[in-house]
Amino acid sequence: MNGLNSKGNNMSQCDVTEAGVPLNSPAFLSWRKLQLSRAKLKASSKTSALLSGFAMVAMVEMQISEDSTVPEGMLIAFAICTTLLVAVHMLALMISTCILPNIDAVCNLHSVSLVHEAPHERLHWYIETAWAFSTLLGLLLFLAEIAILCWVKFYDISKYAAWSAVIMLIPVLVIFLAFAIHFYQSMVAHKYEVTVSGIRQLELLKEQIEAGDLERTNGLLLNTSGTQIV
């Protein structure tokens, strides 16, 4: 029973079950892209649903009295930032919700040969857009939302508290941007290395095929000359 349970868990993680599929074959590479696209869409949908829900609750629960001294420009910024935050995350959530079932349907078949039926290659830019909106743009708007929310909430009580919240978020924003840039550069370098390695392997495979064809040609020529001598 434990063996069956562990096998079921492995199958639920979309492990490749077909034997004899080369790791560098186009089908297996497309299968890896399918898994990555699936993971991105799942992360985008969860993050977008959580953050957009938080923004909606913050906007609804925010109590602003008529005699508030909060600057009108800050209230306008709060409204715009909240609207953009919800809209961006809703767009990412819509893309994830529409594409993810089609990817799960192919992934749950546990067959590399059926990977061409998944739309992850054709809809690659939509998946990347959902990922960018949910993680990069959405999180930046969320940090801005926190800063503006603290300002609107504490301005009437203590201006020092409002300013301290904004000042504390500045280094966090700098660290966030630095990590995003470093992560992007690392991913670009990794993709470049993987691409170069794949090209080298294709060149070696080409040389092996050419060497095999040359040996077959030489063998046929030797057989033909031997037959003529006899």
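For the structure, see preceding data.
Residues numbered from 1 in each chain as written. Predicted model: local features only at pLDDT ≥ 70, side-chain atom pairs only at ≥ 80, totals over all residues. Heavy atoms only, no water.

Asks: It is not clear to me how the overall build of the protein chain should be interpreted in this structure. Could you clarify?
Replies: Of regular secondary structure, the protein chain possesses five helices and zero strands. Helices (α) and strands (β) of the protein chain occur, in sequence order from the N terminus, as α-α-α-α-α. Looking at the 230 residues of the protein chain, the share that counts as buried comes to 26%. In the protein chain, 81% of the contacts between residues at least 6 apart in sequence involve partners at least 24 apart. Total accessible area on the protein chain stands at roughly 15,500 Å², and carbon and sulfur atoms take up 68% of it. (Helix = DSSP H or I, 4+ residues; strand = E, 2+ residues; numbered from the N terminus. Buried < 20%, exposed > 50% of the residue type's maximum accessible area, 1.4 Å probe, protein only. Contact = heavy atoms within 4.5 Å. Areas by Shrake-Rupley, 256 points an atom, 1.4 Å probe, with all protein chains shown as cover.)

Asks: Explain a nonpolar patch on the surface to me, please; I cannot follow it from the model alone.
Replies: Together, Ile 76, Ile 80 and Leu 84 give the surface a local cluster of nonpolar side chains, amounting to about 270 Å² of exposed area. The residue Ile 76 is located in helix α3 (residues 72-107) in this model. (Patch = residues over 30% accessible without salt bridge, like charges linked within 9 Å, V, L, I, M, F, W, Y side chains within 5 Å. Salt bridge = Lys/Arg side-chain N within 4 Å of Asp/Glu carboxyl O.)

Asks: Looking at this model, I keep getting lost on the layout of surface pockets. Mind explaining?
Replies: Unoccupied space between atoms shows up once a probe the size of one water molecule is rolled over them. One number sums up the size of the largest pocket: a volume of about 910 Å³. If you go around the largest pocket, you meet 23 residues; those closest to its centre are Leu 29, Arg 32, Lys 33, Val 194 and Thr 195. Contributing elements (two or more residues each) for the lining of the largest pocket: α2 (26-61), α4 (124-154) and α5 (159-229). The biggest single contributor to the lining of the largest pocket is α5, with 11 residues. Of the residues contributing to the lining of the largest pocket, the split by class is eight nonpolar, nine polar and six charged. The space that makes up the second largest pocket amounts to roughly 580 Å³. Around the second largest pocket sit 16 residues that line it, and Glu 128, Trp 131, Phe 183, Tyr 184 and Met 187 are the ones nearest its centre. Sort the elements by how many residues they give to the lining of the second largest pocket and α5 lands first, with eight residues. A class-by-class count of the residues in the lining of the second largest pocket yields 12 nonpolar, one polar and three charged. (1 Å grid on protein atoms, 1.4 Å probe; cavity = no way out; pocket = protein on both sides within 12 Å on 5 of 7 lines; lining within 4 Å. Points joined across faces, edges and corners; volume = space filled by probe spheres on them. Nonpolar A, V, L, I, M, F, W, Y, C, P; charged D, E, K, R; others polar.)

Asks: Explanation requested: α3 in the structure shown.
Replies: Side chains three or four residues apart in an α-helix point the same way, a direct result of the helix having 3.6 residues per turn. Given a rise of 1.5 Å per residue, 36 residues ought to cover 52 Å, and the 51 Å separating the end C-alpha atoms of α3 matches this to within 8%. Of all the bends in α3, the greatest, near 30°, is centred on Leu 100, and the proline Pro 101 appears no more than four residues after it. (Expected span 1.5 Å × (residues − 1). Bend = angle between axes of the 7 residues up to and from the residue.)

Asks: Any chance you could explain the environment of Val 106 here in plain terms?
Replies: One can find Val 106 in helix α3. In the structure, Val 106 is positioned 10 residues away from His 116 in sequence and 9.0 Å away in space, judged by C-alpha atoms. Setting aside chain neighbours within four positions, we find Val 106 in contact with Leu 34, Leu 114, Val 115, Glu 117 and Ala 118.

Asks: Please clarify how the nonpolar core should be interpreted in this entry.
Replies: Note that soluble globular proteins tend to have their nonpolar side chains buried in a common cluster. If you look at the biggest cluster of nonpolar residues, it comprises 14 residues, and the most contacted ones within it are Trp 31, Leu 34, Leu 41, Ile 99, Ile 103 and Ile 127. Broken down by secondary-structure element, the contributors of at least two residues to this core are α2, α3 and α4. Core analysis: the second largest hydrophobic core is formed by 11 residues, Ala 58, Met 62, Val 70 and Leu 149 among them. (Core = buried A, V, L, I, M, F, W, Y, C linked by side-chain atoms within 4.5 Å.)

Asks: For this particular structure, what's the right way to read the packing of aromatic side chains?
Replies: Each aromatic ring pair is specified by the distance between its two centres and by the angle formed by the two planes. For the coordinates displayed, the defined rule picks out four aromatic pairs. Ring geometry for Trp 151 and Trp 163: centres 4.7 Å apart, planes at 85°, overall edge-to-face. Within this pair, whereas Trp 151 is found in helix α4, its partner Trp 163 is found in helix α5, the two being separated by 12 residues in sequence. Ring centres 6.1 Å apart and planes at 25° place the aromatic pair Phe 179 and Phe 183 in the stacked group. A residue pair is termed a helical-turn pair when its members lie 3 or 4 positions apart in one helix, as Phe 179 and Phe 183 do in helix α5 at four residues. Note on Phe 179: relative accessible area 54%, which makes it exposed. Assessed through its relative accessible area of 39%, Phe 183 is described here as partly exposed. (Phe/Tyr/Trp six-rings, centres within 6.5 Å; stacked < 30°, edge-to-face > 60°.)

Asks: I would appreciate a short explanation of the packing of α3 against α4 in the present structure.
Replies: A packed helix pair is summarised by two numbers, namely the angle formed by the two axes and the spacing between the axes. Where α3 contacts α4, the axes come no closer than 8 Å and their chain directions differ by 155°. Classed by the angle they form, the pair α3 and α4 counts as roughly antiparallel. With respect to the hand of their crossing, α3 and α4 are arranged in left-handed fashion. Across the contact of α3 with α4, the residue classes break down as 25 nonpolar, five polar and one charged. (Axes fitted to C-alpha atoms, helices over the stretch in contact; angles between N-to-C directions. Parallel < 35°, antiparallel > 145°, perpendicular 65-115°, else oblique. Left-handed = near helix turned anticlockwise from the far one by under 90°.)

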